[in-house]
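Spelled out, the chains give:
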Amino acid sequence: MTRLAVFGGVYSNPYALRALADDSRARGCDLRFCLGDLGGFGAECDAIWPLLSEHEVQTIAGNYDVAIGRGDEDCGCGYADERDNHFAQLMYDYTKANTSPEFAAWMHELPGELRLEIAGVDVHMVHGSPLVINDFLWESLDDDELAIRVRASGARLLLCTHTGIPWQREVAGTQIVNVGAVGRPANDGSTDVWYAVIDLQDGEVAGVELVALDYDWRAQAASMRAAKLPEPFVETIETGWWTTCLEIVPPPERARGAYHVYREAMPTGFAAGGAGWADTPEQVDDGRPVVSLFGTALFPPRLWVYSNFHCNLACDYCVVASSPSARKRQIEPERFKALVDEALAEGFTELYLTGGEPFVHPGIMEMIEYASDRLSTVVLTNAMLFTGRRRRELARLAGRPGLTLQSSIDGACAETHDRWRGAGSWVKAMEGLQYAAGLGLPLRVAMTETPQNRSEVPALRAMLEDLGIVGDDFAVRPLVQRGFAADAADAGAVQISDAVMVPELTITADGAHWHPVGGDVRSSPDFVVARGDVSLADAKRRIVERFLVLRQQDGSLPPAFHCAV
């Protein structure tokens, strides 16, 4: 058996290269290969050549090495976005100025690929792909795309790098291994870097291990800082998260990182209250060129949870088709408590508890108390069930600083409200709000606009002021073509989709959803993010990925949609 150590993307990181030499020797590697990009990112450009020679590393040229060897004006990295190219140019200019003529001349003589038979295995080593030196072989490429590269190679084992993120997959009889980069982390929140250990025996690929390599990253960061390289580059070494060159990264890989969009690409002109009741946290310029989507106006830190879907009403415009006869499904208290704990760990600052009618849920009081002890909590209710036992239980909630009740009143009189919500509902809802106000519970009201109630907004606003519901605690929201109102276009209902709505992560008993207006899997299957019990971390990642795909499709960022208000 022959054991190979294969790596790429040294990026002027002698500390990682020394660690790799020691680690690969300890693992019994017989041969060491470097797939190029010796410079860039780090500060100690000329320190790499002696190490490659000392450890007998067979090396091919990456796009960086070709550019430095020829004295090109840019790195030829293959970026298309001007912001990616801006940061790439900063590092290339430094590398070019700090690489000796002798090292550059050595790079100029490097082969662009290696085709070897090792232990009976046809091995093809390239930097980007068999098609072009700066081709990006991302793990998210489908098999058809990879098959094009496989056919261009024809080898049993195809080894590449360039993307900086390791992975492996077999396609059409060829084992593809992206060995990652040894010079900087893989955008995974770890300071470790990556290389591949590959066993070849009797004409077969006997084993492939992608190795996370610990090294003296503090020394690398100190070296870069001493050279006065841009701080975002140093931060990547120290945190493991990429802070530059993001637009080239496909949505699946980018969504796994901490940062997703260049700060200057974030849209302006958002009304912070447009996505919900509370203001979205104002973005502070921390000096990074990139931001995370989560926690911004594009993905507010607001978690929605549907406690249940059964309801004492069957409103004609219910977006999730709740009713007394709705398919019974609910989130049990223990699952809900776990969601609250996870929401805190994931950085959510608000929780909206909705239904159905939450106060139909037998465990709702326990759930409300648990949530409001830990998070700013809004409970959406039709306020009609505050009688008997529930009346007494509601009194237990009085005085909780983190709790607000939100209800819907759709007109200044019973006639307009009851037209959509059912006979007698306006009177009972107003009585419920009066009782809750008497307990001192903070209240909000949203009116769903219909052709019948548009003229009643001033009168309803004045009526609600008597209950202490003033200012932004009363708002008007649009009628939406979903659920029972799917065919309500003649009533002025608006069409919605994930392409025109900012996501607000929503959890139901069925899974995770893009937005609360699409919380029913039957009437809004297009809003499903993941089915079944899914972690909030995974749901957030899926939403970011979907958001980026949508942005790439239309070239824009989606506007906010008024839901909670």
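Residues numbered from 1 in each chain as written. Predicted model: local features only at pLDDT ≥ 70, side-chain atom pairs only at ≥ 80, totals over all residues. Heavy atoms only, no water.

### Section: the packing of helix α3 (residues 63-70) against helix α4 (residues 82-97)
As a reminder of what qualifies: Note on geometry: axes are lines fitted to C-alpha atoms, helical ones only across the stretch in contact, with angles between N-to-C directions running from 0 to 180 degrees. Each helix is a run of H or I in the DSSP string that is no shorter than four residues. Each strand is a run of E no shorter than two, and both are numbered from the N terminus. To sort the angles, those under 35 degrees are grouped as roughly parallel, those over 145 as roughly antiparallel, those from 65 to 115 as roughly perpendicular, and the leftovers as oblique. Should the near helix be turned anticlockwise from the far one by less than a right angle, the crossing is termed left-handed; should it be turned clockwise, right-handed. We call two residues in contact whenever any of their non-hydrogen atoms come within 4.5 Å of each other. Throughout this entry, Asp, Glu, Lys and Arg are counted as charged residues, while Ala, Val, Leu, Ile, Met, Phe, Trp, Tyr, Cys and Pro are counted as nonpolar. The remaining residues, Gly among them, count as polar.
At a closest axis distance of 11 Å, the pairing of α3 and α4 adopts a crossing angle of 50°. Classified by the angle between their axes, α3 and α4 sit oblique to one another. Viewed along their axes, α3 and α4 form a crossing whose handedness is right-handed. Within the contact between the two elements, α3 uses Y64, A67 and I68 and α4 uses A88, M91, Y92, T95 and K96. By residue class, the composition of the contact of α3 with α4 is 6 nonpolar, 1 polar and 1 charged.

### Here's the deal with the packing of helix α7 (residues 217-226) against helix α8 (residues 231-239)
Their axes nearest at 9 Å, the elements α7 and α8 cross at an angle of 175°. Viewed along their axes, α7 and α8 adopt a mutual orientation that is roughly antiparallel. Between α7 and α8, the residues in contact are W217, Q220, A221, M224 and R225 and E231, F233, V234, I237 and E238, respectively. A breakdown of the residues in the contact of α7 with α8 according to their chemical character gives 6 nonpolar, 1 polar and 3 charged.

### Overview of the pattern of salt bridges
Charged atoms that come close allow side chains of opposite charge to pair. The condition that has to hold: Should a side-chain nitrogen of Lys or Arg be within 4 Å of a carboxyl oxygen of Asp or Glu, the pair is scored as a salt bridge. Only protein chains enter the calculation, and the probe is 1.4 Å; a residue is then buried if its accessible area is under 20% of its type maximum, exposed if over 50%, and partly exposed in between.
Taken as a whole and assessed by the stated rule, the structure comprises 40 salt bridges. Of the charged contacts in the structure, one is a salt bridge between E545 and R541, with a shortest N-O distance of 3.4 Å. Of this pair, E545 and R541 both sit in helix α16 (residues 536-554), 4 residues apart, roughly one helical turn. For E545, a relative accessible area of 22% gives the class partly exposed. Here the salt bridges share partners, and the residues they tie into one network are E235, R263, D286 and R288.

### A closer look at the sheet that holds strand β3 (residues 57-59)
Cut-off, in case you're wondering: Strand pairing is assigned whenever DSSP identifies at least 2 bridges connecting the two strands.
Pairing in this open sheet of 5 strands is mixed, and the strands run β3-β2-β1-β9-β10 from one edge to the other. Edge strands, defined here as strands with exactly one partner in the open sheet, are β3 and β10 (204-213). The average undirected angle you get between the axes of adjacent strands in this sheet is 25°. In terms of strand pairing, strand β1 (residues 2-7) meets strand β2 (residues 31-34) through 4 bridges, oriented parallel.

### Examining the side chain of N308
Note the following rule: Pairing of N or O atoms within 3.5 Å defines a polar contact, subject to two protein rules: one partner must be a possible hydrogen donor and the other a possible acceptor, and residues neighboring in sequence count only if both atoms are side-chain atoms.
Its location among the elements puts N308 in the loop between β13 (302-306) and α10 (333-345). Judged by relative accessible area, which is 0%, N308 ranks as buried. Here the side chain of N308 touches S307 through a polar contact of 2.5 Å, side chain to side chain. Polar side-chain contacts of N308 include one of 3.1 Å to the backbone oxygen of E357.

### A word on the state of the cysteines
For clarity, the threshold we go by: Only a pair of cysteine sulfur atoms within 2.5 Å counts as a disulfide in this structure description.
According to the stated counting rule, one finds 1 disulfide in the structure shown. Note that C75 is cross-linked by a disulfide to C77, the S-S spacing being 2.2 Å. Measuring the twist about the S-S bond at about -135°, one finds the C75-C77 disulfide to be left-handed. For the pair formed by C75 and C77, the shared burial category is buried. Not engaged in a disulfide, the cysteine C311 finds its nearest cysteine sulfur in C315; these two sulfurs lie 6.2 Å apart. Taking the relative accessible area as the measure of exposure, C311 reaches 12% and is therefore buried.

### Focus on the sheet that holds strand β7 (residues 167-171)
The strand order across the open sheet built from 5 strands is β4-β5-β6-β8-β7, with neighbouring strands paired in mixed fashion. A strand with exactly one partner marks an edge of an open sheet, and here the two such strands are β4 (114-118) and β7. Recorded for the sheet is a direction-independent mean angle of 20° between the axes of neighbouring strands. In this structure, strand β5 (residues 121-125) lies alongside strand β6 (residues 157-160), joined through 3 bridges in parallel fashion. Counterpart to H124 in the pairing with β6 is L158. Set on the sheet, helix α6 (residues 143-153) makes contact with β4, β5, β6, β7 and β8 (174-178); between it and β7 the angle comes to about 75°.

### Quick look at the packing of aromatic side chains
Where two aromatic rings form a pair, the distance of their centres and the angle of their planes describe that pair. Rule in force here: Centre distance within 6.5 Å is the pairing criterion for rings of Phe, Tyr and Trp, where only the six-membered ring of Trp is used; planes under 30 degrees apart are then read as stacked, over 60 as edge-to-face, and the remainder as tilted. Note on criteria: charge over ring means Lys NZ or Arg CZ within 6 Å of the ring centre, with the direction from the centre no more than 35 degrees off the ring normal.
Within this structure, the stated rule accounts for 15 aromatic pairs. Among the aromatic residues, ring-to-ring pairing joins F41, F87, F233 and Y262 into one connected group. Lying across the ring of Y370, R374 places its NZ or CZ 3.5 Å from the centre. Lying across the ring of Y435, R391 places its NZ or CZ 3.7 Å from the centre.

### A short note on α10
Put simply, the test is: For a helix, the expected span equals 1.5 Å multiplied by the number of residues minus one. Of all possible arcs, the one meant is that of the directions from the helix axis to the C-beta atoms.
Between its first and last C-alpha, α10 extends 19 Å over 13 residues, near the 18 Å set by a 1.5 Å rise per residue. Among all positions of α10, only P333, F336, K337, L339, V340 and A343 are buried. Buried residues of α10 fall within an arc of 155° about the axis and therefore sit on the same side. Opposite the buried face of α10, by more than 90 degrees, sit the exposed residues E334 and A345. Looking one or two residues past α10, G347 carries a phi angle of roughly 90°, positive in sign.

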